[in-house]
Amino acid sequence: MNSPLTAEHYAPSTWAKLFLLALIWGSSFWLIKMGLLTFTPTEVAAVRLAAAAAFLAPFAIVRMHRVKRHQWPVILSVGLTGSLLPAFLFALAQTQIDSGVTGALNALTPLFTLIIGAIIFRQWVTGRTIFGLLIGFTGTLMLVLLNATGQLSLNGYALFIVFATICYGANLNLIKTYLPDQSPLTITGVSLLMVLPVALVYLIGPGEVSSKLTSTTAWGSLAAIVVLGVVGTALALILFNHLVQIATTVFASSVTYLIPIVAMTLGALSGERIGVYQLGGMGLILIGVWLANRKPVPARG
C-alpha cells in the first residue's frame, strides 16, 4: 500500500490552490471594510448573503431532492451558524475593529471546533490539544483586552468575532456528524437558500441600499460586497472542499495560518495600525491552533 503524500510531495497546482484560498479568505475582511464605507453592517451582511445564495441557487435547486427529511433541520442549522450569523457578526465587529485583527481572531475557529466536538459530540481531546487551547485563549485575551499601544482597553466588539468563530465551530461539527453523505455544493447551496429569505426581507424592508447608490463610494462598496458573497463565501467553500478531496484535511486546514498574514498585510497597506501586543496575541493564537491540531509523531522501534 502506498503511504499518503506528505506536504512536500503535493503538486505545485495544489499549493497554488491553497495560497489562492488564503488570499480569498484573507481579503474578505478588507472587502467588509470597503462595504462599510457606504453601507451599514446589516446591509453589508444582507447583500453578502443574497449574492452568495443567488450565485449558488441554480445548483442548489436541482440538488434539494438529495436532502433527506431528517437532514432539513441540520441544513437550516448549518445555514444559521455557517453563513447567516457570522455574516452579521463580522460586519458589526469591523465597525470598531481593524481587518487585520479580525483576521487573527478568525483563527480561533479550529479551537472552537475542537471544544464543541469534545463537549457536545464526545470527541477525544489530548493533553496537547488542551495546552494549545489555553495558549490560543491567552492570545485572544490579549486582542480583546489590549489596544495597539498595550493599554488595557476592553474591546467588546472583538467578542462578536469570538461568537462568530463559535458558530463556525458548531457548523463544522454539524456537517461532519450529520451530513457525511451530502456533497459540499449541496450543503452550501441549500443552506444558503434557506437563510436567503432573512436577507431579502431586510433588503426589501428596512434596508436602504438602493437609496445610497447615489453616493460617490456606493458602487465600489457594493462591488466589494458582491465579490465577498460570490467569491469569499460561495466559491471559496467549494475550493476548500476540493482541497480536502485532492490532499488531506490537515493540509487544507493549514490555510488557517495563512489567512491572518493576508488580512494583516492588506490592513497595513490600507493604513491600519498593528501594535506589538496585537502581533503577540495573533502569534499566540496561531501557535495554539497549531499545537491543538498537531498530530503526535508515531514512535519508531
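Placed above this text is the structure.
Read on for a plain summary of the structure. These numbers were taken from a predicted model, which means no experiment stands behind them.

**Considerations on the pattern of salt bridges**
Two side chains of opposite charge can pair, provided their charged atoms sit close to one another. Applying the stated rule across the entire model yields 3 salt bridges. Across the pair Glu 272 and Lys 33 runs a salt bridge whose closest N-O atoms are separated by 3.0 Å. You can see Glu 272 sitting in the loop between helix 11 (255-269) and helix 12 (276-293) and its partner Lys 33 sitting in helix 1 (residues 12-35), a full 239 residues away along the chain. The class for Glu 272 is buried, based on a relative accessible area of 10%. Notably, a salt bridge pairs Glu 43 with Lys 212, separated by 2.9 Å at the nearest N-O pair. With Glu 43 in helix 2 (residues 41-61) and Lys 212 in the loop between helix 8 (184-204) and helix 9 (218-246), this pair connects stretches of sequence that are 169 residues apart. Residue classification places Glu 43 among the buried positions, given a relative accessible area of 2%.

**As for a nonpolar patch on the surface**
Together, Leu 76, Leu 80, Leu 85 and Phe 163 give the surface a local cluster of nonpolar side chains, amounting to about 300 Å² of exposed area. For the nonpolar patch, the leading source of residues is helix 3 (residues 72-93), giving 3 residues. Tracing the chain through its elements places Leu 76 in helix 3. Given the relative accessible area of 33%, Leu 76 is considered partly exposed.

**Points about the environment of Ala 170**
As for its position among the elements, Ala 170 is in helix 7 (residues 158-178). The exposure class of Ala 170 is partly exposed, given its relative accessible area of 21%. Residues Ala 170 and Ile 120, spaced 50 residues apart in sequence, show a C-alpha to C-alpha distance of 9.4 Å.

**Let's talk about the packing of helix 5 (residues 109-119) against helix 7**
Here helix 5 crosses helix 7 at 55°, and the two axes come no closer than 8 Å. When the axis of helix 5 is compared with that of helix 7, the two are oblique. Helix 7 is crossed by helix 5, and the crossing has right-handed handedness. In this structure, helix 5 contributes Thr 109, Phe 112, Thr 113, Ile 116 and Gly 117 to the contact, and helix 7 contributes Val 162, Thr 165, Ile 166, Tyr 168, Gly 169, Ala 170, Leu 172 and Asn 173. The class makeup of the residues in the contact of helix 5 with helix 7 is 7 nonpolar, 6 polar and no charged.

**Quick notes on the packing of helix 5 against helix 6 (residues 127-145)**
Put simply, helix 5 and helix 6 touch, their axes get as near as 10 Å, and they point 135° apart. What the angle tells us is that helix 5 and helix 6 run oblique. Crossing angle aside, the handedness with which helix 5 passes helix 6 is left-handed. Of helix 6, the residues touching helix 5 (which contributes Leu 111, Phe 112, Leu 114 and Ile 115) are Thr 129, Leu 133, Gly 136 and Phe 137. Within the contact of helix 5 with helix 6, the residues separate by chemical class into 6 nonpolar, 2 polar and no charged.

**Some details on helix 8**
With 21 residues, helix 8 extends 30 Å from end C-alpha to end C-alpha; this agrees with the ideal 30 Å at 1.5 Å per step. Most pronounced at Val 195, the bend in helix 8 amounts to some 40°, and the proline Pro 197 follows within four residues. Among the residues of helix 8, Leu 185, Thr 186, Ile 187, Thr 188, Gly 189, Val 190, Ser 191, Leu 192, Val 195, Leu 196, Ala 199 and Tyr 202 are the ones counted as buried.

**Some words on the packing of aromatic side chains**
In total, this model carries 6 aromatic pairs according to the counting rule given. Each ring, one from Trp 25 and one from Phe 240, has its centre 5.7 Å from the other, and the planes form 45°; the classification is tilted. In this pair, Trp 25 is assigned in helix 1 and Phe 240 in helix 9, connecting sequence segments 215 residues apart. Judged by its relative accessible area of 18%, Trp 25 is buried. The exposure class assigned to Phe 240 is partly exposed, which follows from its relative accessible area of 21%. Members of the aromatic cluster, connected to one another through ring pairs, are Phe 29, Phe 90 and Tyr 168.

Rules used in this analysis
Residues numbered from 1 in each chain as written. Predicted model: local features only at pLDDT ≥ 70, side-chain atom pairs only at ≥ 80, totals over all residues. Heavy atoms only, no water. Salt bridge = Lys/Arg side-chain N within 4 Å of Asp/Glu carboxyl O. Helix = DSSP H or I, 4+ residues; strand = E, 2+ residues; numbered from the N terminus. Buried < 20%, exposed > 50% of the residue type's maximum accessible area, 1.4 Å probe, protein only. Patch = residues over 30% accessible without salt bridge, like charges linked within 9 Å, V, L, I, M, F, W, Y side chains within 5 Å. Areas by Shrake-Rupley, 256 points an atom, 1.4 Å probe, with all protein chains shown as cover. Axes fitted to C-alpha atoms, helices over the stretch in contact; angles between N-to-C directions. Parallel < 35°, antiparallel > 145°, perpendicular 65-115°, else oblique. Left-handed = near helix turned anticlockwise from the far one by under 90°. Contact = heavy atoms within 4.5 Å. Nonpolar A, V, L, I, M, F, W, Y, C, P; charged D, E, K, R; others polar. Expected span 1.5 Å × (residues − 1). Bend = angle between axes of the 7 residues up to and from the residue. Phe/Tyr/Trp six-rings, centres within 6.5 Å; stacked < 30°, edge-to-face > 60°.

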